[in-house]
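Summary of the model geometry
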Amino acid sequence: MNEKSNSLFLSFGTDYYTEDFPLQQILKYSGLRYNSKLSKLGKYVSTEFLEALDFIDHYGKPYLEYWNTLGERIDHVRISPEHRRILDVLFSYGIVRNVITGDEDWLYHFLSGYIISDSGIFCTVTLTMQTAYALNKFGDNIVREKYLSRYLSEEKPWMGATFYTELQGGSDLGSNTTKAELVDGEWFINGPDKYFASNAGLADGAIVTAKPVPEKPGAKGISIFFVPAYLDNGVHNYRIRRLKNKIGTVAVPTGEVEMEDSVGFLLGKPAEGIYGAMDILMISRLDNAFAALGISRKALWEAFLYANSRKSFGSNIIEHPLLRRDFLEMEADLEGSTILSVKAAEAFNRSANDHFPYSEEYHYARILTHISKNMTANLSDRITRYSMEIFGGIGFLEEFPIAKFHRDAIVTPIWEGTSNIQALEMYETIVKKKSDRKLLETIRKLVNGFSKEIGVSMKLLSRTDDLEKRIKELAAMGDDAQYYLKNLLDELGHLFSSALLFDLHVHSTEEDRERTRIIAEIYYIRNISHGEIPVELLNSAKPLEWMINSR
Ligand SMILES: Cc1cc2nc3c(=O)[nH]c(=O)nc-3n(C[C@H](O)[C@H](O)[C@H](O)COP(=O)(O)OP(=O)(O)OC[C@H]3O[C@@H](n4cnc5c(N)ncnc54)[C@H](O)[C@@H]3O)c2cc1C
């Protein structure tokens, strides 16, 4: 072990922002400035934070207290003082507040997700970001003054939540049965089954989907409300029935919430609620993508350090060709997903102030968000699982952190809309908003820009034409098109990632050219041409050596 290691994490003490060489390359390529606050965060999350989170995960679960000493129902979630402190530290970075005030852009928030990555604790941040965004974007002046100000406070900022899912459905939001009634100018929310309510018991208020009466059928009947956890007189505004017993994301409590005459504040126009709800979901989907990437990076980094010290058959296991190839493939896929997700985040950053009926840029951000959410979630499932295998038998033990990465990764394809839902919603933006046009146009522009330098450019252009044709064929198939939508979701993603990786290569410095070429070619062969990767690429140490050199 080297001097930076502790007994649990081989990458202990690493600056997960600055020392992440491929991330820095991608950020530079995207014209994003180096942010020293993220570097400080990068160091924090690889030291004290790592140890504390590992402890919370195993021994410090949040728990629900129902009653106070006076016998009054409080439904308060208790967390350890250490857990509270970590949250205070994370919020002190302004990863919510500064984005709303405009002191930082959205990339600052999303990159913090990559760096923090723990999907439990970052879920608390995500839900708070969504709540602040919704209050800021859809709240009237009174709501903004009374509640948004609490979320922007530097002293004990409020935390948020989003209660969309109900017992009868999470994917099918139109099946929501929670009702909202306007009585003497005040909205009252009633519904017994907000069935997955993360951060409930910690949150000071939540964004809640409900149907104003008289109800309109389906998703168009939904409106969004801000529901504070407590009323001004201190009375609890909703009940928490119980907390779920989860296999991962332990640091965030996930409850079942019952609303009975809970006071709510309407956000935006009632008839545009579903559009607002989807808009708010973009944040958690992109956060999910960045957290999934961050978890994958940490798991891969840990596994690579382990592979450089564990021996079998007389050499470090990293020397074995099979393992070498696995690492190179995972590295290429991870970099491809990262560069695409940065483009999705940039598109969201450009359109975050749009309102209904929304601009072309917003729909471009939507299609990229669906692609990125799906791609990164599936990748993190795969990389974290295989990282466990690289640790051999000890990868399967709860004593070491590698298993936690996987437990935290496997929720990422489920929440914020499963992979099927991402495919369906992506297709909806294509059919209704022609979101594919800008994506295909962007890919063509990139490829045309580097066509003279990259041998496979014509193949990338012809693949773009094929996908355009495929989208037209699907449009003529009616509901049967659904059978093929996950392929389309993957294929559009791989094509864009591949074009971006080649473009990164063309724009990289002389020193980085070899490395970026190898990554782009491996990605292309794996995900576009599906051929065999030549030995020349597999023999190269360049794409991976930074993980050791930065130590
Ligand atoms: C740890 C955790 C925390 C969560 N926190 C929150 C939270 O804070 N707030 C919140 O609102 N929700 C939360 N959720 C809920 C989550 O968003 C939903 O579980 C998810 O969206 C799926 O909904 P569901 O569980 O009702 O599954 P269902 O909607 O019943 O889906 C079941 C299966 O059917 C598939 N399916 C459904 N419809 C279709 C279709 N038309 N075509 C193809 N396949 C389909 C789905 O892909 C899925 O595989 C959380 C979930 C988890 C696991």
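This text gives an overview of the structure that appears in the document. (Residues numbered from 1 in each chain as written. Predicted model: local features only at pLDDT ≥ 70, side-chain atom pairs only at ≥ 80, totals over all residues. Heavy atoms only, no water.)

Attention now goes to the overall build of the protein chain. Within the protein chain, the regular secondary structure consists of 19 helices and eleven strands. By the compact-globule yardstick of 24 Å for 551 residues, the protein chain fits well, its C-alpha radius of gyration being 23 Å. Viewed in the frame of its principal axes, the protein chain has a C-alpha envelope of about 75 × 55 × 40 Å. For the protein chain, buried positions account for 60% of its 551 residues. By sequence separation, contacts in the protein chain at least 24 residues apart represent 75% of the contacts at least 6 residues apart. Carbon and sulfur atoms provide 53% of the accessible area of the protein chain, an area that totals close to 22600 Å². Of the charged side chains in the protein chain, 63 are positive and 76 negative; the average position of the first set lies 2 Å away from that of the second. (Helix = DSSP H or I, 4+ residues; strand = E, 2+ residues; numbered from the N terminus. Rg over C-alpha atoms; globule rule 2.2 N^0.38 Å. Buried < 20%, exposed > 50% of the residue type's maximum accessible area, 1.4 Å probe, protein only. Contact = heavy atoms within 4.5 Å. Areas by Shrake-Rupley, 256 points an atom, 1.4 Å probe, with all protein chains shown as cover. Lys, Arg positive; Asp, Glu negative; His and termini not counted. Charge placed at Lys NZ, Arg CZ, Asp CG, Glu CD.)

Right, let's get into a nonpolar patch on the surface. Nonpolar side chains collect at one region of the surface, where M477, Y483 and Y484 lie side by side and expose about 330 Å² of accessible area between them. In this structure, Y484 sits in the loop between α15 (457-475) and α16 (485-506). (Patch = residues over 30% accessible without salt bridge, like charges linked within 9 Å, V, L, I, M, F, W, Y side chains within 5 Å. Salt bridge = Lys/Arg side-chain N within 4 Å of Asp/Glu carboxyl O.)

Approximately 1500 Å³ is the volume attributed to the largest pocket. If you go around the largest pocket, you meet 50 residues; those closest to its centre are G170, S171, L281, R285 and E425. Within the residue set of the lining of the largest pocket, elements represented by two or more residues are α7 (119-138), β3 (162-163), β5 (186-198), α9 (273-307), α11 (360-390) and α13 (419-433). When residues of the lining of the largest pocket are assigned to domains, at least three map to each of domain 2 (162-271) and domain 3 (275-549). (1 Å grid on protein atoms, 1.4 Å probe; cavity = no way out; pocket = protein on both sides within 12 Å on 5 of 7 lines; lining within 4 Å. Points joined across faces, edges and corners; volume = space filled by probe spheres on them. Domains from an automatic or database assignment.)

Quick look at the pairing of β5 now. Along a regular strand, successive side chains alternate from one face of the sheet to the other. Pairing of strand β4 (residues 179-183) with β5 involves five bridges; the strand directions are antiparallel. Following the sheet pairing, A180 is matched in β5 by I189. In this structure, the hairpin formed by β4 and β5 is closed by a connection of two residues, where D184 is found at a positive phi of approximately 50°. Where β5 meets strand β9 (residues 254-267), seven bridges bridge the pair, whose relative direction is antiparallel. (Pairing = 2+ DSSP bridges.)

Core analysis: the largest hydrophobic core is formed by 178 residues, its most contacted members being L90, F163, F327, F348 and L492. Broken down by element, the residue count for this core peaks at 20 residues, all from α9. In contact with L90, not counting residues within four places along its chain, are L41, Y44, F49, I95, I116, I121 and V125. In terms of nonpolar packing, the next biggest core, distinct from the first, is built from five residues, C123, L127, V252 and V411 among them. (Core = buried A, V, L, I, M, F, W, Y, C linked by side-chain atoms within 4.5 Å.)

The subject of this paragraph is the pairing of β9. Of all 14 residues making up β9, ten are buried, and the element is well covered by its neighbours. Pairing geometry for strand β7 (residues 223-228) and β9, over three bridges, is antiparallel. Paired with F226 across the strands is F265, a residue of β9. Summarising the sheet, strand β8 (residues 239-243) and β9 pair through four bridges and their orientation is antiparallel.

Right, let's get into empty space enclosed by the protein. To find leftover empty space, one rolls a probe the size of a water molecule over the atoms. In this structure the tally under the stated criterion is five cavities of 30 Å³ or more. If you trace the largest cavity, you find 14 residues lining it, with F9, L50, D118, K404 and F405 closest to the centre. Here the lining of the largest cavity gets four residues from one element, more than from any other, and that element is helix α3 (residues 48-59). Tallied by class, residues from the lining of the largest cavity come to eight nonpolar, one polar and five charged. (Nonpolar A, V, L, I, M, F, W, Y, C, P; charged D, E, K, R; others polar.)

Attention now moves to α9. Taking 1.5 Å per residue as the helical rise, α9 with its 35 residues ought to reach 51 Å, and the 50 Å between its terminal C-alpha atoms agrees with that figure. Along α9, 34 of the 35 residues are buried, which leaves the element largely enclosed by surrounding structure. (Expected span 1.5 Å × (residues − 1).)

Next up on the list: the site of the ligand. Around the ligand, a shell composed of 19 residues is seen, among which T162, T165, G170, S171 and T418 lie nearest. Within the side chain of S171, one N or O atom sits 2.5 Å away from an oxygen atom of the ligand. For the ligand, a nitrogen atom lies 2.9 Å from a polar atom in the backbone of F196. Its free accessible area being 960 Å², the ligand has 65% of it covered by the protein chains. Spatially, the ligand is embedded in the largest pocket. By residue number, the principal contributor to the shell around the ligand is β5, which donates three residues. Looking at side-chain class alone, the shell around the ligand contains seven nonpolar, ten polar and two charged residues. When residues are assigned to domains, the shell around the ligand turns out to be shared by domain 2 (162-271) and domain 3 (275-549), each giving three or more. (Near = heavy atom within 4 Å. Polar contact = N/O pair within 3.5 Å; in protein donor to acceptor, adjacent residues only side chain to side chain. Sits in = over half its atoms within 2 Å of the grid points.)

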